[in-house]
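Residues per chain, in single letters:
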Amino acid sequence: MTVSILYREELREYDFGVGHPFRGDRYEIFPKVLREHVSEGSLYHIVAAETCSEEDLRLICSQAYIDFSREYFRAANLGETYERSMEFPRFHSLDNLPRGRPGKLEEAARMMIGQMKKAAALIIEDHEEILISIGGNLHHAKPDYGEGFCIYNDNAFLAKYLMKEYELERIMILDTDAHQGNGTSEYFYSDPRVLFVDLHQDPATLYPGVGFANDIGLGEGKGFTVNVPMPVYAGVDSYRIAFEQVVEPVAKEFKPQVIIRNGGSDAHFADGLTNLGLPIEGFKLIGEKVRLLTQECGCCEVDIIGSGYNIQVLPSAWLALVGGLANFGVEVEEPVPVPDRFVQDLVADDTAKVVQQVRSYLTDYWNCFR
Ligand SMILES: [Zn+2]
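Calculation notes
- Residues numbered from 1 in each chain as written.
- Predicted model: local features only at pLDDT ≥ 70, side-chain atom pairs only at ≥ 80, totals over all residues.
- Heavy atoms only, no water.
- Core = buried A, V, L, I, M, F, W, Y, C linked by side-chain atoms within 4.5 Å.
- Buried < 20%, exposed > 50% of the residue type's maximum accessible area, 1.4 Å probe, protein only.
- Contact = heavy atoms within 4.5 Å.
- 1 Å grid on protein atoms, 1.4 Å probe; cavity = no way out; pocket = protein on both sides within 12 Å on 5 of 7 lines; lining within 4 Å.
- Points joined across faces, edges and corners; volume = space filled by probe spheres on them.
- Helix = DSSP H or I, 4+ residues; strand = E, 2+ residues; numbered from the N terminus.
- Nonpolar A, V, L, I, M, F, W, Y, C, P; charged D, E, K, R; others polar.
- Donors = N, O, S within 2.8 Å, 3.2 Å for Na, K, Ca; no water.
- Tetrahedral: all angles 85-135°; square planar, octahedral: opposite > 155°, others 65-115°.

With that settled, the discussion passes to the nonpolar core. Inside soluble globular proteins, nonpolar side chains tend to come together where they are buried. Core analysis: the largest hydrophobic core is formed by 126 residues, its most contacted members being Tyr-14, Ile-151 and Tyr-239. Look past the residues within four positions of Tyr-14 in its chain and what remains in contact with it is Phe-22, Arg-23, Gly-24, Tyr-27, Leu-105, Ala-108, Ala-109, Met-112, Leu-138, Phe-149, Cys-150 and Ile-151.

Okay, here's the thing in structure tokens:
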């Protein structure tokens, strides 16, 4: 099987500047590391996608927000302050304000949406089973706001685009980023066509501070939002429990036509912004679990890889994830020393309790949780 990996060099423009945790160099470093470990050709090939149109953006954003973003970045590149940026605080947390001149950051954000259009075509028209997209994972972005380093929500775009263009009716979004995907969650909170399952660090301890076990959706969408707040320091055993007790049974009952998984390396124990406990083998586990689940559900999968705030760890974790997804058989070593408390998963019992709680909130909606 040859896996397509969506990637283009210009993604490096998605860069918030010196001193900001989100830099664009990740998009140069990772493809190099990938090519060093696994040669391009028989196992994978890199595919460059076109950017998206303004009409595409309107699928997930208000026109006012699109106009605001364009004008905001245009002004910032001239070293000016966009006059309406205080009137409409659309980048309402300081983390979305680039340091210095943002260059083509907004164009790169559009390219990430373009990659999702290409991903949809490759899985639906060309019947590719596993499709990997490097870049994006902008799961905090909302129709009218950007936050958490996210401008336009590519995860939400892909799900909406698949429903609109290809009339799909059952899409599972599996968010394994360390942060809860509050943007994506809001798009589909009352939509039963999208099963949103999110494993993230306990929101009592991390941005964005939402996504507790009892947040399960609204109206017709009730039961189709599944939040698993992972305890601080959760490691491999914890993630295995969450997959086996929540993710896999609910996926098999929902029978998705497409699985969209998103998340990068920020659940690693050495990540600078989070407090989870996954070693490198945990990312391989996630990749393998998602590949096997896709096969069992008889569906296809788009994997969106973007986050990570320890640049020493990021390429190894992404490689382990990609290796697990595409079954490359590549061994990836831990790039940093493992502190004693992360040699074993010391909070697996706590995770088992959380998982029981998650299941108990959802017994009315899923047979597998009864
Ligand atoms: Zn994150």
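Inspection of the entire model under this criterion finds 1 cavity of 30 Å³ or more. What lines the largest cavity is Lys-284, Ala-320, Gly-323, Gly-324, Phe-328, Gly-329, Val-330 and Val-332. Tallying contributions element by element places helix H9 (residues 314-326) first for the lining of the largest cavity, with 3 residues. In terms of residue class, the lining of the largest cavity is built from 4 nonpolar, 3 polar and 1 charged.

Before going further, it helps to spend a moment on the coordination of the zinc ion. Distances from the zinc ion to its protein donors, namely Asp-177 (OD), Asp-177 (OD), His-179 (ND1) and Asp-266 (OD), fall within the range 1.9 to 2.8 Å. In this structure, the zinc ion is coordinated by 4 donor atoms arranged in irregular fashion, with angles at the metal of 51 to 153°. Along the chain, the residues that donate to the zinc ion are spaced as D-x1-H-x86-D. With His-179 in the loop between strand S4 (171-175) and helix H6 (182-187) and Asp-266 in the loop between strand S7 (258-262) and helix H8 (280-297), this residue pair connects regions lying 87 residues apart in the sequence.

Let us look at the side chain of Ser-307. On the secondary structure map, Ser-307 appears in the loop between strand S8 (300-305) and H9. The buried category is assigned to Ser-307, whose relative accessible area is 2%. If near-sequence neighbours (up to four positions away) are discounted, Ser-307 is found in contact with Arg-26, Asn-137, Asp-177, Gly-263, Gly-264, Ser-265, Asp-266, Leu-314 and Trp-318.

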